[in-house]
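Read off the chains here:
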Amino acid sequence: MRRFFYCTKMVRVNSNFCLLRAGYLFTEIVNRTAAYKQAHPEADIIRLGIGDVPGPLVPCVIEAMHRAVEEQADKRTFHGYGLEQGPAWMREQIAAFDYQRLGIAMDADEVFVSDGAGSDLGNLSDILGTDNRVAITDPVYPAYVDTNVMAGRAGEWQEEAGQWSRLLMLPCNAENGFCPVPPAEKADIIYLCSPNNPTGIAMNKVQLQAWVDYARTNRSLIIFDSAYEAFIQSPDVPHSIYEIEGAKECAIEVRSFSKTAGFTGIRCGYTIVPKALYGVNDKGEEVSLNALWYRRQCTKYNGTSIISLRGAQAVLTEEGHEQVMAQIAGYMDNARRIREALSECGLAVYGGTDGPYVWVRAPRGMGSWAFFDWLLEECQVVCTPGVGFGNEGEGYVRFSAFGDPKRTEEAIGRIVNYEL
Ligand code: PLP
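As the structure is a prediction and not an experimental result, all values here were calculated from the model.

### Considering the pairing of strand S9 (residues 251-256)
Most of S9 is tucked away: 6 of the 6 residues are buried. Burial along S9 is two-sided: the residues Ala 251, Glu 253 and Arg 255 and Ile 252, Val 254 and Ser 256 are all buried. Two strands pair when backbone bridges link them, and strand S8 (residues 221-225) and S9 are joined in this way by 4 bridges, in the parallel orientation. Bridge assignment links Phe 224 to a residue of S9, and that residue is Glu 253.

Below is the structure:
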């Protein structure tokens, strides 16, 4: 860090950002893959590491977005600024199609439309006090940790322990089936992701009920990330936390069209902030989280693009739903192939049944990076080292089901040639 003698006169930065640890995982994957390619220019590398969707968008979405562009070309149908929380027609359609249709009570004014789950998961931090104790699963989608570091809730990084002093990490490993269990101590905010990235494992009704009961007893808030809800296949896995009794009093749910409908580039998502949800302010008064989030969005967000909204609206119809579910069935077929083939060669394989990721234990006690290197050098296959998602991920790698089916098949064929 550069120091200047006149530094006290300079603009002060948010020092929490200086606590962030370098985003090492994906850069290192790119560097190692590039180095291998440079040494072996003829190598045909298959990437099964990425969590992005390959596309294309389904026909229903394309048509709706074309129509939305045409609307913008006519003064009579042109849309300028929309409502920050999303237009009524979109909020109503989300409440009806994603919730009421499944028997879950949902008011349109509990739905806040956004440009994706990533923004909402980070921005929710704005309405929550910095002194809350935060619990996060390990392994984990890295944004939950980083956004809490930015907000000053993580404490200090402890090099020896390899963790943040104020974050309560919830280990997810083979012993607990990679599903977090409520801790003995109190956490104020708990991040849960089901189906999970990176493990591809989802929590069932009983497991989620335990979390809702814990949150109600401790008056905690659950932030439930269900970005992969559409990939669920098992009948006992809830698609929404609001399928669990009492969840509306303790949980915010964040959803996205990114993985469901290939919107990683188009951008649309939404967050449910129930009206029954309350927190307490410095004066000890109860405050509605729905009202705070509404206020936050009105000030800091100017609404989702009308083109994205129209595309996402098309996903919330019988026809659109059928089209995206057919695409998802293809990804889940990839997941099944990866799972079955790697199990057959003796590897311990998890996930991939309710989420598009397969979580694989490296053979013979290898570390995550050692197995990554082995797969790259011997099979020219790129995966994601599990240790990049947290300490509990060491010794595992993540395979993504978002690859092309033929290339996925070829990658599997290369791996199963070896005795592992
Ligand atoms: N939550 C999880 C668990 C994810 O894996 C991702 C993206 O990979 C996101 C949220 C972010 O999604 P979005 O594209 O809607 O910002």
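Structure shown, so let's carry the discussion forward.
### Considering the packing of helix H4 (residues 88-99) against helix H10 (residues 306-315)
The interhelical angle for the contact between H4 and H10, taken along N-to-C directions, is 25°, at an axis separation of 10 Å. Classified by the interaxial angle, the pair formed by H4 and H10 is roughly parallel. The handedness of the crossing between H4 and H10 comes out as left-handed. Touching Trp 89, Met 90, Gln 93 and Phe 97 of H4 are Ile 306, Leu 309, Arg 310, Ala 312, Gln 313 and Val 315, all from H10. Residue classes in the contact of H4 with H10 are distributed as 7 nonpolar, 2 polar and 1 charged.

### Here's the deal with the sheet that holds strand S17 (residues 396-400)
Strand order in the open sheet made by the 4 strands is S13-S14-S17-S16, with antiparallel pairing throughout. Here the strands that pair on one side only, and so sit at the sheet edges, are strand S13 (349-351) and strand S16 (384-385). Here 5 bridges tie strand S14 (residues 357-361) to S17, and the two strands are oriented antiparallel to one another. Residue pairing across strands places Tyr 357 opposite Ser 400, the latter belonging to S17.

### Observations regarding the sheet that holds strand S7 (residues 189-193)
One open sheet holds the 7 strands; their spatial order is S2-S10-S9-S8-S7-S3-S6, and the pairing between them is mixed. The sheet terminates laterally at strand S2 (111-114) and strand S6 (167-171), the two strands that pair on one side only. Shown here is a sheet whose adjacent strand axes are inclined to one another by a mean of 20°, direction ignored. Against the sheet, helix H9 (residues 289-300) engages S2, S8, S9 and strand S10 (269-272), with an angle of about 25° to S2.

### Some points on the packing of helix H11 (residues 318-344) against helix H13 (residues 405-416)
Packing of H11 against H13 leaves a shortest axis separation of 10 Å and a crossing angle of 5°. Classified by the angle their axes make, H11 and H13 are roughly parallel. Across from Asn 334, Arg 337, Ile 338, Ala 341 and Leu 342 in H11, the residues of H13 making contact are Pro 405, Thr 408, Glu 409, Ile 412, Ile 415 and Val 416.

So, how was this worked out
Residues numbered from 1 in each chain as written. Predicted model: local features only at pLDDT ≥ 70, side-chain atom pairs only at ≥ 80, totals over all residues. Heavy atoms only, no water. Buried < 20%, exposed > 50% of the residue type's maximum accessible area, 1.4 Å probe, protein only. Helix = DSSP H or I, 4+ residues; strand = E, 2+ residues; numbered from the N terminus. Pairing = 2+ DSSP bridges. Axes fitted to C-alpha atoms, helices over the stretch in contact; angles between N-to-C directions. Parallel < 35°, antiparallel > 145°, perpendicular 65-115°, else oblique. Left-handed = near helix turned anticlockwise from the far one by under 90°. Contact = heavy atoms within 4.5 Å. Nonpolar A, V, L, I, M, F, W, Y, C, P; charged D, E, K, R; others polar.

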